[in-house]
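# Chains, contacts and geometry: an overview
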Amino acid sequence: MQSSRIVLHKLSKTYKRGDSEVRALVDVNATFEEGEFITLFGPSGCGKTTLLRIIAGLESQSEGDISLFGNSPAQASRLKNIAWVPQSSALLPWLSIRNNVLLSEFVNKRADRIVGSTRKAEDPDEVLADLGLADFKAALPAQLSGGMRQRAAIARGFVQGAPLMLMDEPFSALDELTRDSIRLRLLDVWEKHRKTVVFVTHSAFEAVMLSDRVVVMTPRPGRIHSIVDINLPRPRTREVLESREFEEKVREVKHILREGWGQDE
Amino acid sequence: MTNLFTKSNILRLLAPLIVFGLLYLGWQWVALNLKSILPPFGNITAEFLDRPGFYFSNLWVTVQAALIGFAIGGISAIVLAILMVYFDFLRAAIIPVALLLNVTPIVAISPALIVAFGFNAIPHIIVAGLAAFFPMLINAMSGLRAVEKETLDVFNAMSANRTEIFFRLRLPGSLPYLFSGAKLSITAAMVGSVVSEFMGTSKGIGATIVMATTFLNLNQMWVAIFLSAVTSLVLIGVVSLVEKALIRW
């Protein structure tokens with residue numbers, strides 16, 4: 001059955017280390033609508049990356065169920081319906097930027113013959129141009145700056161055309177100025193393609209700037225404390241980001257995190 | 001136009017020239033004062049120019065065995081490394097055997113191989129192959145395993161299969177390691193080939209050295225030694241050229 005939602009139902013993850021057990025995630029319940037920009041926000045160790053990896057099918061949950069538009073993570077992955085954008089760009093150094101963003105066309109070709117795949121590959125030249133990389137298509141990753149490499153990694157995700165993009169702190173290694181401009185680029189491209197995005201960050205500013213909803217997570221053990229609606233207008237222009245409403249939303253998200261964290265400690 | 005005469009370029013050229021010059025002077029001093037230890041360079045050069053055909057024909061025998069051994073040892077090492085990356089059991093089983101092979105002196109294996117295979121090229125090829133095997137195995141294994149976890153995640157999120165991960169990720173990513181291994185292996189194969197010719201044959205650079213020892217012909221001995229050293233350098237140079245052509249990142 002096709003569904004237009006991502007549903008996380010009673011998810012838990014426990015790591016076994018020798019005789020002891022570490023509970024990384026406990027009783028995670030959430031529903032994300034198609035086309036939403038969702039951010040998992042919280043401090044280190046709250047399980048946000050673990051949750052993202054479970055959604056991607058890169059790790060398995062100990063308990064609970066996940067439905068990604070009606071499919072399990074493994075099924076969605078087999079259909080190439082998940083685009084993964086990691087912390088580092090993870091570009092292949094021997095391929096040009098254009099061939100790097102076309103990676104999904106070279107890999108798992110059998111997925112394109114399966115009926116039911118909702119993936120529709122995007123035009124790589126258009127996506128690269130939207131991300132300001134039109135003049136660097138033939139360049140090798142080593143010839144680009146860190147920010148440009150990260151933009152290429154985002155382009156790879158969009159070009160794959162998967163309905164779901166999972167982004168694991170993709171800007172964490174960049175300097176503040178680069179991060180600022182790349183966030184705006186991401187928003188522009190996302191507005192155009194409207195994929196469902198689940199984005200991990202530990203920056204309240206970034207979470208509010210990008211998202212429709214922010215999932216605030218608290219550690220020990222990792223759990224969802226609350227989900228905050230970010231009802232700020234789109235597109236998120238500089239004016240929106242410098243508005244009082246935006247600042248208040250950032251403060252609110254931080255406050256909720258402190259409140260949730262304090263209760264747990 | 002780039003300036004070739006920068007300070008660093010001149011230093012890079014000058015430093016080894018000074019060392020070679022000092023070595024030459026030291027050599028000539030020993031050759032003139034202790035004649036039984038080293039012959040003068042002029043005599044070595046004259047010996048080579050007197051019968052280059054003799055030296056090149058013997059060198060070719062050695063190089064052939066080294067190259068065939070390098071090819072067989074190198075390819076076997078790469079194939080085994082690929083299997084060892086995918087099968088933990090094979091890795092556990094083969095590493096101790098490879099280590100044992102690596103610590104066994106090649107000179108000790110040579111007579112056994114001559115007894116087993118007779119007085120032909122096979123024992124020399126096997127020794128060269130064994131010498132080439134270990135450096136290639138270790139480098140190939142390191143290269144094939146040196147895949148960043150985050151890149152692997154990108155492939156796994158798309159459900160890439162093992163073959164795709166191997167050909168699209170592991171193999172191209174391991175090329176720098178394979179070439180480092182090839183440079184070590186081809187030198188080791190050359191050394192193995194020369195050393196194995198110390199017995200069981202009258203052809204090759206190793207045999208030429210042994211012959212020179214028998215007749216106390218220092219000039220012949222040093223021509224053979226220099227020729228094998230220069231050949232190793234040329235072989236490393238050829239591998240480096242292929243590396244530069246293939247690895248552009």
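All values derive from a computational prediction rather than experimental measurement.

## Re the pattern of salt bridges
- Inspection of every chain in the model, using the stated rule, returns 23 salt bridges over all chains.
- Here A:Glu252 makes a salt bridge to A:Lys249, at a shortest N to O gap of 3.3 Å. Taken together, the residues A:Glu252 and A:Lys249, both in helix 10 (residues 244-264) and three residues apart, mark about one turn of the helix.
- Owing to a relative accessible area of 13%, A:Lys249 belongs among the buried residues under this scheme.
- For B:Asp153, the salt bridge is made with B:Lys149, and the minimal N-O distance between the two is 3.6 Å. One end of the pair is B:Asp153 and the other is B:Lys149, both in helix 7 (residues 149-157) and four residues apart, which spans about a single turn.

## Considerations on the sheet that holds strand 6 (residues 164-168) of chain A
All names here are of chain A.
- The strand order 5-6-7-3-8-9 describes an open sheet built from six strands, whose pairing is mixed. Whereas interior strands pair on both sides, the edge strands pair on one side only; in this sheet they are strand 5 (82-85) and strand 9 (223-229). Sheet twist, expressed as the average angle between the axes of neighbouring strands with direction ignored, equals 20 degrees.
- Here strand 8 (residues 213-218) runs beside strand 9; their pairing, made up of six bridges, is antiparallel. Along strand 9, the bridge assignment pairs Thr 218 with Arg 223.
- Running at roughly 150 degrees to strand 6, helix 1 (residues 48-56) makes contact with strand 3 (37-41), strand 5, strand 6, strand 7 (196-201) and strand 8 of the sheet.

## A closer look at the sheet that holds strand 4 (residues 63-68) of chain A
All names here are of chain A.
- Spatially, three strands are ordered 2-1-4 in an open sheet, and the strand pairing comes out antiparallel. What marks the edges here is a single partner per strand, and that holds for strand 2 (20-33) and strand 4. The sheet shows a mean angle of 20 degrees between the axes of neighbouring strands, taken without regard to direction.
- Here strand 1 (residues 5-17) pairs with strand 2 via 10 bridges, running antiparallel. When the sheet's bridge partners are listed, Leu 11 is paired in strand 2 with Val 28.
- Packing against the sheet, helix 1 makes contact with strand 1, strand 2 and strand 4, and its axis sits at approximately 115 degrees to strand 1.

## A few points about the domain arrangement of chain B
Residue and element names in this part refer to chain B.
- Here the domain parsing of chain B yields domain 1 (1-38) and domain 2 (39-246).
- Relative placement of domain 1 and domain 2: their C-alpha centres are 29 Å apart.
- Domain 1 puts eight residues into the contact, and the matching count from domain 2 is seven residues.
- With both sides pooled, the region where domain 1 packs onto domain 2 buries about 580 Å², and carbon together with sulfur makes up 74% of that total.
- Summed over the shared surface of domain 1 and domain 2, the result is zero salt bridges.
- Along the contact surface separating domain 1 from domain 2 lie two residue pairs in polar contact (both at pLDDT 80 or more).

## Here's the deal with the packing of aromatic side chains
- Scanning the model with the defined rule gives 16 aromatic pairs over all chains in all.
- Between A:Phe37 and A:Phe199, the aromatic rings sit 5.9 Å apart at their centres with planes inclined by 45 degrees, giving tilted as the arrangement. In this pair, A:Phe37 sits in strand 3 while A:Phe199 sits in strand 7, placing the two residues 162 residues apart along the sequence. In this structure, A:Phe37 and A:Phe199 share a single accessibility class: buried.
- Three or more aromatic residues link up through ring pairs in this structure, and these residues are B:Tyr24, B:Trp27, B:Phe41, B:Trp222 and B:Phe226.
- Sitting above the plane of the B:Phe54 ring, B:Arg51 keeps its charged end 4.3 Å from the centroid.

The rules behind each value
Residues numbered from 1 in each chain as written. Chains lettered and ligands numbered in written order. Predicted model: local features only at pLDDT ≥ 70, side-chain atom pairs only at ≥ 80, totals over all residues. Heavy atoms only, no water. Salt bridge = Lys/Arg side-chain N within 4 Å of Asp/Glu carboxyl O. Helix = DSSP H or I, 4+ residues; strand = E, 2+ residues; numbered from the N terminus. Buried < 20%, exposed > 50% of the residue type's maximum accessible area, 1.4 Å probe, protein only. Pairing = 2+ DSSP bridges. Axes fitted to C-alpha atoms, helices over the stretch in contact; angles between N-to-C directions. Contact = heavy atoms within 4.5 Å. Domains from an automatic or database assignment. Buried area = accessible area lost by both parts, 1.4 Å probe. Polar contact = N/O pair within 3.5 Å; in protein donor to acceptor, adjacent residues only side chain to side chain. Phe/Tyr/Trp six-rings, centres within 6.5 Å; stacked < 30°, edge-to-face > 60°. Lys NZ or Arg CZ within 6 Å of the ring centre and 35° of its normal.

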